[in-house]
Amino acid sequence: MHRKAVRYVTQTTSAAAGAVATAATSVAAAAVAASIIFSPVADAASRMEGVSEDLLRAVQLNQITEEQALKFEARLAGRILGEA
């Protein structure tokens, strides 16, 4: 009988620890999601600056040509700056 009690306590303790870990993970995920949702949206100028930096890096890595970068940046500028 003693063995069964020890096994029961061990199993329930493990289950409880798993439930606490799952709850902690859920809380952490919710905190990250809230920080993303409630963070201020970047203004159009800073968004375009980031796009330019990303495209410049892509050109430097030979992932795209300068011509492709310019065309893509112009298209995005129309969308991003058109929203503002």
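Computed from a predicted structure; not experimentally measured.

It is worth spelling out the overall build of the protein chain at this point. For the protein chain, the helix and strand inventory stands at 3 helices and 0 strands. N-terminal to C-terminal, the α/β element order of the protein chain is α-α-α. Counting all 84 residues of the protein chain, 12% fall into the buried class. Accessible surface, the protein chain as shown: approximately 7000 Å² in total, 63% of it carbon and sulfur.

Moving on, we come to the environment of threonine 65. By the element assignment, threonine 65 lies in the loop between α2 (44-60) and α3 (66-83). Measuring from C-alpha to C-alpha, the distance between threonine 65 and leucine 55 comes to 9.5 Å, with 10 residues separating the pair along the chain.

Turning to the pattern of salt bridges, a few remarks are in order. Applying the stated criterion across every chain, the model contains 1 salt bridge. Between glutamate 67 and lysine 71 there is a salt bridge; the shortest N-O distance is 3.5 Å. A residue pair is termed a helical-turn pair when its members lie 3 or 4 positions apart in one helix, as glutamate 67 and lysine 71 do in helix α3 at 4 residues. In this structure, glutamate 67 and lysine 71 share a single accessibility class: exposed.

Moving on to the confidence of the model for the protein chain. Chain-level pLDDT for the protein chain is 77 on average; 51% of the residues reach the 70-or-more range. The least confident element of the protein chain is helix α1 (residues 2-37), whose mean pLDDT is 63; the most confident is α2, at 92.

What counts and how
Residues numbered from 1 in each chain as written. Predicted model: local features only at pLDDT ≥ 70, side-chain atom pairs only at ≥ 80, totals over all residues. Heavy atoms only, no water. Helix = DSSP H or I, 4+ residues; strand = E, 2+ residues; numbered from the N terminus. Buried < 20%, exposed > 50% of the residue type's maximum accessible area, 1.4 Å probe, protein only. Areas by Shrake-Rupley, 256 points an atom, 1.4 Å probe, with all protein chains shown as cover. Salt bridge = Lys/Arg side-chain N within 4 Å of Asp/Glu carboxyl O. pLDDT = per-residue confidence, 0-100.

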